[in-house]
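Structure assessment
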Amino acid sequence: MTYPSQETAAISEWTVCTKCEVYRPPRAHHCRTCSRCVRRMDHHCPWINNCVGELNFKYFFLFLMYTGLLCLFGLILIISDWIVHWNDDTETSLDKVLSVILFFEALLFLVFVSVMGTGMIMAVLFDRHIIEIKRYGPATGQPQTPRTVLMNAVFGRGYKVCWLLPCVKPRIPNPVPPSKKAMMTV
């Protein structure tokens, strides 16, 4: 991915966080809610009460995917119940109203989770997370790193089917700490 020269320094070098005053690795951002710096931070999620960053990106994506699948399953069950029992005299009008409300609630969650999941996949494929898009703008062109490497970095190596399992850990490289010479100049 090509970045303008002033962005290259902000993305590729260690800096000192102005809020917590510690060295932070490249592409780390300070979360105001958690009061700490998070590597490759995407956003702070109130659902899990944690920051979504490099270490838990896969697990958050799996959470979104499984939630979407459960919403889809719920929609299928509601529609099949409507097809079988809508004209029966056994269901009261309250049951029908509640099933309509449940249908729209499941549909709303499915749309929300699908949009979030699509955004997460785009962040992986273009190697730019939401905070970086807000700060530097959308990525222009293709990333320098191949997409399969980006996907393997987030979801782990091995069989692609294992990407759907939360028990397979992603391989996240540790950032190289700044040299002693760089620490003395700050």
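Residues numbered from 1 in each chain as written. Predicted model: local features only at pLDDT ≥ 70, side-chain atom pairs only at ≥ 80, totals over all residues. Heavy atoms only, no water.

1. Thoughts on a nonpolar patch on the surface
Under the convention used in this document: Patches here are clusters of residues that have more than 30% relative accessible area and form no salt bridge, with a 9 Å joining cutoff for like charges and a 5 Å cutoff for nonpolar side chains (Val, Leu, Ile, Met, Phe, Trp, Tyr). The accessible surface values rely on the Shrake-Rupley method and a 1.4 Å probe; as for residues, cover is taken only from the protein chains in view. Just to be clear on terms, a salt bridge is a Lys or Arg side-chain nitrogen sitting within 4 Å of an Asp or Glu carboxyl oxygen. In DSSP terms, a helix is any run of H or I states spanning at least four residues, a strand is any run of E spanning at least two, and both are numbered starting from the N terminus. Using a 1.4 Å probe on the protein chains alone, a residue whose accessible area is under 20% of its type maximum counts as buried, one over 50% counts as exposed, and one in between counts as partly exposed.
Taken together, the side chains of Trp47, Ile48, Phe63, Phe109 and Phe112 make up a nonpolar region of the molecular surface, amounting to roughly 430 Å² of accessible area. Here phenylalanine 63 lies in helix H2 (residues 57-85). On the basis of relative accessibility, which here comes to 32%, the residue phenylalanine 63 falls in the partly exposed class.

2. A look at the side chain of aspartate 42
Keep this limit in mind: His is not counted, nor are the chain ends, whereas Lys and Arg count as positive and Asp and Glu as negative. We call two N or O atoms a polar contact when they sit within 3.5 Å, provided that within protein one can donate a hydrogen and the other can accept it, with sequence-adjacent residues counted only if both atoms are side-chain atoms. Any two residues having at least one pair of non-hydrogen atoms within 4.5 Å are treated as being in contact.
As for its position among the elements, aspartate 42 is in the loop between strand E4 (36-39) and strand E5 (43-45). The buried charged residue aspartate 42 lacks any salt bridge partner; its closest oppositely charged side chain belongs to arginine 40, at an N-O distance of 8.5 Å. At 2.8 Å, the side chain of aspartate 42 forms a polar contact with the side chain of histidine 43. The residues touching aspartate 42, leaving out its near neighbours within four places in the chain, are Val52, Gly53, Phe57, Met120, Ala123, His129, Ile130 and Ile131.

3. Focus: the environment of lysine 96
Topologically, lysine 96 is positioned in helix H3 (residues 93-125). Since its relative accessible area comes to 22%, lysine 96 is described here as partly exposed. Separated by 11 residues in sequence, lysine 96 and histidine 85 place their C-alpha atoms 9.8 Å apart.

4. Concerning the layout of surface pockets
Empty space among the atoms becomes apparent when a probe as large as a water molecule is rolled across them. Stated precisely, the cut-off is as follows: Here a cavity means grid points, on a 1 Å grid over the protein atoms only, where a 1.4 Å probe fits yet cannot get out; a pocket means an open set of points with protein on both sides within 12 Å along at least five of seven lines; lining residues are those with an atom within 4 Å of a point. Grid points are joined across faces, edges and corners, and a volume is the space filled by probe spheres set on the points.
What the second largest pocket holds in volume is close to 540 Å³. What lines the second largest pocket is a set of 27 residues, among which His29, His30, Met41, Ile131 and Arg135 lie closest to the centre. The set of elements that each furnish at least two residues to the lining of the second largest pocket consists of helix H1 (5-12), strand E1 (15-16), strand E3 (28-31), E5 and helix H4 (130-136). Considering every element that reaches the lining of the second largest pocket, the biggest residue donor is H4, with six residues.

5. Focus: H2
Inclusion rule: Given the number of residues in a helix, its expected span is that number minus one, multiplied by 1.5 Å.
For H2, which comprises 29 residues, the first-to-last C-alpha distance of 42 Å matches the rise-based estimate of 42 Å (1.5 Å per residue) to within 8%. Within the sequence span of H2, burial applies to Phe57, Lys58, Phe60, Phe61, Leu62, Leu64, Thr67, Gly68, Cys71, Leu75 and Ile78. Considering only its buried residues, H2 is in contact with E5, strand E6 (50-52), H3 and helix H5 (147-155).

6. A look at H5
Cut-off, in case you're wondering: What the arc measures is the spread of directions leading from the helix axis to the C-beta atoms.
Of the residues making up H5, those classed as buried are Leu150, Met151, Val154 and Phe155. Seen end-on, H5 carries its buried residues on one side only, within an arc spanning 110°. Glycine 156, located one to two residues past H5, shows a positive phi value of around 100°.

7. Here we look at unusual backbone geometry
The backbone of glutamate 21 shows a phi angle near 55°, a positive value even though the residue is not glycine. Along the chain, glutamate 21 falls in the loop between E1 and strand E2 (23-24). Given the relative accessible area of 65%, glutamate 21 is considered exposed. One non-glycine residue, asparagine 49, lies in the positive phi region at around 50°. Tracing the backbone through its elements, the reader meets asparagine 49 in the loop between E5 and E6. Exposure remark for asparagine 49: the relative accessible area of 62% places this residue in the exposed category.

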